[in-house]
Amino acid sequence: MNERQGFKFIAIFLNMAWFASFVLIPGLMVVGISFMTRDTGTFFSPPLTLTQYRELLDPVYAKVLGTSLIYSLNTTLLCLCVSYPFAWILSQASKHRRPLLLMMVIIPFWTSSLIRTYALVILMKANGIINTLLLAPGIISEPVSLLYTDFAVYVGLVYSLLPFMILPLYAVMEKMDLRLLEAARDLGASEYQVFVHVVLPLSLPGVLAGCIMVFLPAMGLFYIPDLLGGAKTMLMGNFIKNQFLTAMNWPFGSAASVFLLMLMGLMIIIYFTFSRRFNRHQTL
Amino acid sequence: MTRWLKISWVSAVFTFLYGPLLVLMVFSFNQARYTTSWQGFSLKWYMRLLDNPQLLDAFFNSLTVALISSMVATALGTLGAFAVSRYRFAGRKLFFGLVYSVMMSPDIVMGISLLMLFVLAGLTPGFLTLLIAHVTFCLPFVIVLVHARISGFDPAVVDAARDLGARDHEVFFKIIVPMILPAVLAGWLLSFTLSLDDVIISFFVTGPGFEILPLKIYSMVKLGVTPEVNALCTVLFLLTLAAVSAAHVLTKEIKK
């Protein structure tokens, strides 16, 4: 092996080895173990079955799955409704204001979601800020319990994931060719028509990317219902966590994780199919 | 949309994003134990943090893991980004597939898959397992950031260096690294932030022998709100803020 080959080999080998050992193999293990049977001694044992998957469809667990999907779906829609106009306004702001506004979105994007969730706890607890503010002028006569409700869980999820929706939307909108909008207006389109026939289709890749970045994490953020929702509400994240740490049922927890991976695969397929079609459309 | 509506929409979203954090930070300086009323400025909760050896331990553990894992991920990722942009090799597609699947896959799945791997490999959860996990989730960010930077400049530079007799490792260390340094530093800072803030993956791969700050905060918050936690969260937030701002300045440098 000459020197050139040597450097190339090391650079590629190190990375591939890392991904193979800590991504590929553990990933395959999750899939493999999901087809096994629970065993209290060794965590799982060989007889290959579909029991875990059949169990997941049992009404008790299917309900958890359904609830989590509904939470994710609603969170995604809420984020989209708030973010779409916001990202549009940001992308149309004057050039010297834009960097600062963008930075203000990027900071929460990187800030620990746990810290931000905790900040919500302070606001919403019975003797917290919101209640104090409402009690003082007599808007309410008794503290309302905001914490440990579905409402609190939604606020927590939207609060944590909002920047993940804004940034992909903004990225697409900033690059949008505004001459297309002008052309549509010149040809007599109303503002509504410009939006539906020009702005919306052009921003769809961003909408899709944002939805993926919100929908999937929303299934797993177990500490949000833990801290804001009491024990009533359950996301897939809480469920998987319990299977591994409390119930010690690796195969069942793995099967639930495979479900999340399949959901991820599905979304990636949708995204790529769509963006390929979109690109073909644009070059025409 | 009218101007007035635009301004109020933007202000409402920013108030939502920053209001709770601002309240948290303000009350970390409050004299009173309870976060209902303001009773005067005080640094006593920060002082109290310094008297808590458990918290300080967790803080230093977090910093150690974040520093080492971000450096390993940056070194490995820069090398990887260089390799995929410079060479054609059989597993190139698989490589990118793995990079993107790590970025996309839900944290919880990564957490439990690594947990099972470590248990079956007989590794005790603690410093080493945490380090491996953190390098794994930081690596793709560095690769994507640095790869974007490498593909952004003229390949003729590398060809010229080669024609003048530079060998591959010389091209890498003398040409590529200096040119992509801002991107590398940004990748390092963002990895540091990711590592410092991670809750879900760390939750599964660390043990009681090695506590880190986010998990310590998690268990403290479950017991209730205290001004010490406010102070702790403020410190962590300011650290993130500093790292992200620095990374932002560096990536701006790239665009110039």
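Because the structure is predicted, anything quoted here is derived from the model rather than measured. Sequence positions are assigned chain by chain, starting from 1 and proceeding in written order. To label them, take the chains in the order written and letter them from A, then take the ligands in the order written and number them from 1. In view of the model being predicted, local features appear only for residues whose pLDDT reaches at least 70, and side-chain atom pairs are presented and counted only at 80 or more, with totals across whole chains, interfaces and linings using the full set of residues. With hydrogens and water stripped out, all remaining heavy atoms of the structure feed into the side-chain values.

Peer 1: Let's hear about the overall build of chain B: which residues, and what values?
Peer 2: Across its full length, chain B holds eleven helices and zero strands. In sequence order, the secondary structure elements of chain B are arranged as α-α-α-α-α-α-α-α-α-α-α. Referenced to the eigenvectors of the C-alpha coordinate spread, the extents of chain B come out at roughly 70 × 60 × 35 Å. Each residue is placed in one exposure class: buried if its accessible area under a 1.4 Å probe, protein chains only, is under 20% of its type's maximum, exposed if it is over 50%, and partly exposed if it falls in between. A total of 256 residues make up chain B; the buried ones form 53% of that total. Across chain B, contacts joining residues at least 24 apart in sequence account for 73% of those joining residues at least 6 apart. Helix and strand labels come from DSSP, where a helix needs a run of H or I of at least four residues and a strand needs a run of E of at least two; each type is numbered from the N terminus. Should any heavy atoms of two residues lie within 4.5 Å, those residues are counted as being in contact.

Peer 1: Requested: an account of the overall build of chain A, with residues and values cited.
Peer 2: When helices and strands are tallied, chain A shows twelve helices and two strands. Reading the helices (α) and strands (β) of chain A from amino to carboxyl end gives α-β-β-α-α-α-α-α-α-α-α-α-α-α. Relative to the compact-globule value of 19 Å for 284 residues, chain A shows a C-alpha radius of gyration of 24 Å, a clear excess of over 25%. Principal-axis analysis of the C-alpha atoms places the extent of chain A at approximately 75 × 70 × 40 Å. A fraction of 68% describes how many contacts in chain A between residues 6 or more apart in sequence connect residues 24 or more apart. Only the protein chains shown count as cover for residues, and all accessible areas are computed by the Shrake-Rupley method using a 1.4 Å probe. Total accessible area computed for chain A in this model is approximately 13,700 Å², and 70% of it derives from carbon and sulfur atoms. Every radius of gyration here is taken over C-alpha atoms, with the globule rule written as 2.2 Å times N^0.38, N being the number of residues.

Peer 1: How would you explain the interface of chain A and chain B if you had to name every residue and give the values?
Peer 2: The partner chain B presents 85 residues to the 79 residues of chain A that form the contact. Between chain A and chain B the total buried area reaches about 7,600 Å² when both faces are included, carbon and sulfur atoms providing 85% of it. Buried area is calculated as the accessible area (1.4 Å probe) missing from two parts once they are joined, with the contributions of both summed. Looking only at chain A, the three residues that lose the most surface to chain B are Phe7(A), Trp110(A) and Tyr118(A), adding up to 11% of its buried area. Here, a salt bridge means any side-chain nitrogen of Lys or Arg that lies within 4 Å of a carboxyl oxygen of Asp or Glu. Where chain A touches chain B, the interface holds zero salt bridges. We call two N or O atoms a polar contact when they sit within 3.5 Å, provided that within protein one can donate a hydrogen and the other can accept it, with sequence-adjacent residues counted only if both atoms are side-chain atoms. Remark: the boundary between chain A and chain B carries eight residue pairs in polar contact (both at pLDDT 80 or more). Taken together, the residues of the side of chain A that touches chain B break down into 61 nonpolar, eleven polar and seven charged. Under the scheme applied here, ten amino acids are nonpolar (Ala, Val, Leu, Ile, Met, Phe, Trp, Tyr, Cys and Pro), four are charged (Asp, Glu, Lys and Arg), and all others, including Gly, are polar.

Peer 1: Now, about a nonpolar patch on the surface: what can you tell me, with residues and values included?
Peer 2: Residue and element names in this part refer to chain B. A grouping of Leu 67, Ile 68, Met 71, Val 72, Leu 123, Phe 127 and Leu 128 is seen on the molecular surface, where their side chains present a nonpolar patch of about 520 Å² in accessible area. The dominant element in the nonpolar patch, judged by the number of residues it contributes, is helix α3 (residues 53-86), at four residues. Here Val 72 lies in helix α3. Patch membership is restricted to residues that have no salt bridge and whose relative accessible area is over 30%. Joining uses 9 Å for like charges and 5 Å for the nonpolar side chains Val, Leu, Ile, Met, Phe, Trp and Tyr.

Peer 1: Describe the side chain of Arg116(A), naming the residues involved and giving the relevant values.
Peer 2: Within the fold, Arg116(A) resides in helix α5 (residues 113-124). Residues counted as positive are Lys and Arg, residues counted as negative are Asp and Glu, and His and the chain ends are not counted. For the buried residue Arg116(A), which engages in no salt bridge, the nearest side chain bearing the opposite charge is Asp197(B), 8.4 Å off. Those residues within four positions of Arg116(A) in sequence are excluded, and the remaining contacts are Pro108(A), Thr111(A), Tyr159(A), Ser160(A), Pro163(A), Leu17(B) and Leu21(B).

Peer 1: So what's going on with the domain arrangement of chain B? Which residues, and what values?
Peer 2: Residue and element names in this part refer to chain B. A domain assignment, automatic or from a database, supplies the domain bounds used here. Considered domain by domain, chain B is made up of domain 1 (1-42) and domain 2 (52-255). For domain 1 and domain 2, the distance between their C-alpha centres works out to 31 Å. Listed as interface residues are eight residues of domain 1 and, on the opposing side, nine residues of domain 2. Between domain 1 and domain 2, roughly 760 Å² of surface is buried when both sides are summed, and carbon and sulfur atoms account for 69% of that area.

Peer 1: Describe the side chain of Asn61(B), listing the residues and the values that go with them.
Peer 2: Positionally, Asn61(B) belongs in helix α3. Sequence-distant contacts of Asn61(B), defined by excluding residues within four places in its chain, comprise Phe210(B), Glu211(B) and Ile212(B).

Peer 1: Tell me about unusual backbone geometry, residues and numbers included.
Peer 2: Residues and elements named next belong to chain A. Although it is not a glycine, Tyr 148 adopts a positive phi angle of roughly 60°. Within the secondary structure, Tyr 148 is located in the loop between α6 (129-135) and α7 (150-175). Overall, Tyr 148 belongs to the partly exposed group, its relative accessible area being 44%. Even without glycine at this site, Met 248 takes up a positive phi of about 55°.

Peer 1: Can you lay out the pattern of salt bridges for me, pointing to particular residues and giving the numbers?
Peer 2: Residue and element names in this part refer to chain A. The final tally for this structure, using the stated rule, is six salt bridges over all chains. As a salt-bridge pair, Glu 174 and Arg 98 come within 3.6 Å of each other at their nearest N and O atoms. Taken together, the residues span a long stretch of sequence, with Glu 174 in helix α7 and Arg 98 in helix α4 (residues 98-110) at a distance of 76 residues. The class of Arg 98 is buried, set by a relative accessible area of 15%. In this structure, the salt-bridge partner of Glu 191 is Arg 185, at a minimum N-O distance of 2.7 Å.

Peer 1: Describe the nonpolar core, and please don't skip the residues or the numbers.
Peer 2: Core analysis: the biggest nonpolar cluster contains 190 residues, and Phe19(A), Met124(A), Tyr223(A), Ile176(B), Phe204(B) and Ile217(B) have the highest contact counts within it. It is α7(A) that contributes the most residues to this core, 15 residues altogether. When residues of this core are assigned to domains, at least three fall in each of domain 1 (1-42) and domain 2 (52-255) of chain B. When neighbours within four sequence positions are excluded, Phe204(B) is seen to be in contact with Phe222(A), Lys241(A), Phe244(A), Leu245(A), Ile108(B), Gly111(B), Ile112(B) and Leu115(B). Only buried Ala, Val, Leu, Ile, Met, Phe, Trp, Tyr and Cys residues count toward a nonpolar core, and they belong to the same one when joined by side-chain atoms within 4.5 Å.

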